[in-house]
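Working through the structure, step by step
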2 protein chains.
Amino acid sequence: MNQLLEKRGLRATPHRVRIAQKVLQEHCHFTAEDICGWAGGLKKRLSRATVYNILNEFVAVGLLKSFYSSALGKTIYDSNTENHFHLYDTDKDQILDVDPSLVTVNTSGLKGYRIDQIEILMKGRRR
Amino acid sequence: MNQLLEKRGLRATPHRVRIAQKVLQEHCHFTAEDICGWAGGLKKRLSRATVYNILNEFVAVGLLKSFYSSALGKTIYDSNTENHFHLYDTDKDQILDVDPSLVTVNTSGLKGYRIDQIEILMKGRRR
DNA sequence: GAGTATTTTTAGATTCAATCTAATATTAAA
DNA sequence: TTTAATATTAGATTGAATCTAAAAATACTC
Ligand SMILES: [Mn+2]
Ligand SMILES: [Mn+2]
Ligand SMILES: [Zn+2]
Ligand SMILES: [Zn+2]
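All values reported here derive from a predicted model rather than from experimental measurement. (Residues numbered from 1 in each chain as written. Chains lettered and ligands numbered in written order. Predicted model: local features only at pLDDT ≥ 70, side-chain atom pairs only at ≥ 80, totals over all residues. Heavy atoms only, no water.)

Along the backbone of chain A there are four helices and seven strands. Taking the principal axes of the C-alpha coordinates as reference, chain A spans close to 55 × 35 × 20 Å. The proportion of buried residues among the 127 residues of chain A is 36%. A total of about 7,300 Å² of accessible surface is found on chain A, and carbon and sulfur atoms cover 44% of it. Distance between charge centroids for chain A: 4 Å, based on 19 positive and 14 negative side chains. (Helix = DSSP H or I, 4+ residues; strand = E, 2+ residues; numbered from the N terminus. Buried < 20%, exposed > 50% of the residue type's maximum accessible area, 1.4 Å probe, protein only. Areas by Shrake-Rupley, 256 points an atom, 1.4 Å probe, with all protein chains shown as cover. Lys, Arg positive; Asp, Glu negative; His and termini not counted. Charge placed at Lys NZ, Arg CZ, Asp CG, Glu CD.)

Structure follows, in structure tokens:
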């Protein structure tokens, strides 16, 4: 974990390591407030500023991605940094990852434009 | 314009008519603050509450659509209520409509889910 | 080690879009 | 009219996110 951080130019401070352990071990979606609320076995709670600082550093160095969910009205941090899309399960009230191979997008009709980024947010439910 | 409103169950009050004229005549993207800032040849400025009330009523009855732009960090109201996608032109700092026929999306790989809504936000620029 | 510079963390203030409140104004119905 | 329903309002409030300026922790130099 320490090397993971240092390889990206971030000093492996206790707070960064603690958040990294919580968040980078397995793919998950979470909000900044989730981390603020999470004590993490610590004596003192992390400051809100620290949480936002660290999460946004993680995004900047590519350890996390983030996107705004209109469904939830806040920024979601995503430890799956692979290219993928999102499906908001309206039954479970939960954001699911969608492998991009399952959704084919063809933008070749868009002549005259170079598309740098595509974000797909689906809403649905189990049938 | 009055019939347009009344057909959807909204009384054609002066404020609603004024905003409808400003906003429904041609396809455009705008923010609530755009309307608040716009005097509209009126003696008194519209209250912020009124602007949000009316715009959200228009969305509720299908005269407008709205979506949140992460690029701009606020809700965009859209007088194009046809199904379409959005391209944020990073050069012009402007949101463009993309006809859905120009972008084909195939979600049939997503077995076990019924997709009710797809939102596609692209970023790009003229080539 | 001490001393100094740099980075990190912090509590609380601030921002800003958006909503809410509770009173007033306007329109409709009786 | 009088009364009821609807619309508009200024300002307060909310809540996510950022900013500030000071304290704490860490690294660097001698
Ligand atoms: Mn959450
Ligand atoms: Mn605008
Ligand atoms: Zn994801
Ligand atoms: Zn549009």
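This paragraph deals with the interface of chain B and chain A. With 30 residues of chain B in contact, the opposing surface of chain A contributes 30 residues. Summed over the shared surface of chain B and chain A, the result is zero salt bridges. Counting across the interface, chain B meets chain A through 17 residue pairs in polar contact (both at pLDDT 80 or more). Looking at the side of chain B that touches chain A, the elements that each hand over two or more residues are β4 (85–89), β5 (94–98), β6 (104–106) and β7 (113–126) of chain B. Among the elements that make up the side of chain B that touches chain A, the one with the highest residue count is β7 of chain B (14 residues). Taken together, the residues of the side of chain B that touches chain A break down into 14 nonpolar, eight polar and eight charged. Relative to β7 of chain B, strand β7 (residues 113–126) of chain A is paired through 13 bridges, and the arrangement is antiparallel. Along β7 of chain B, the bridge assignment pairs Ile 120 of chain A with Ile 120 of chain B. (Contact = heavy atoms within 4.5 Å. Salt bridge = Lys/Arg side-chain N within 4 Å of Asp/Glu carboxyl O. Polar contact = N/O pair within 3.5 Å; in protein donor to acceptor, adjacent residues only side chain to side chain. Nonpolar A, V, L, I, M, F, W, Y, C, P; charged D, E, K, R; others polar. Pairing = 2+ DSSP bridges.)

Around DNA strand C sit 19 residues, and of these Thr 13, His 15, Arg 16 and Thr 50 of chain A together with Thr 75 of chain B come closest. Among the atoms of DNA strand C close to the protein, meaning within 4 Å, 76% are from sugar or phosphate groups. One nitrogen or oxygen atom from the side chain of Thr 50 of chain A is found 2.6 Å from a phosphate oxygen belonging to DNA strand C. Within the side chain of Thr 75 of chain B, one N or O atom sits 2.5 Å away from a phosphate oxygen of DNA strand C. (Near = heavy atom within 4 Å.)

Below, the discussion takes up the domain arrangement of chain A. All names here are of chain A. In terms of domains, chain A is made up of domain 1 (2–69) and domain 2 (82–124). Once you take the C-alpha centre of each, domain 1 and domain 2 turn out to be 25 Å apart. Of the residues lining the interface, four residues belong to domain 1; the matching set on domain 2 comes to nine residues. Both faces combined, the contact of domain 1 with domain 2 buries some 530 Å², and carbon together with sulfur accounts for 61% of it. Counting every contact that joins domain 1 to domain 2 gives zero salt bridges. In this structure, the connection of domain 1 to domain 2 is made through three residue pairs in polar contact (both at pLDDT 80 or more). The leading source of residues in the side of domain 1 that touches domain 2 is strand β2 (residues 65–69), at three residues. (Domains from an automatic or database assignment. Buried area = accessible area lost by both parts, 1.4 Å probe.)

Mapping chain B onto chain A calls for a screw motion: a turn of 180 degrees about the axis and a shift of 0.0 Å along it, with 0.0 Å RMSD after fitting. Those values place the two copies in the arrangement expected of a two-fold rotation axis. Comparing contact sets, 100% of the residues at the interface of chain B also lie at the interface in chain A, consistent with an isologous, same-surface contact. (Least-squares fit on C-alpha atoms with pLDDT ≥ 70 in both.)

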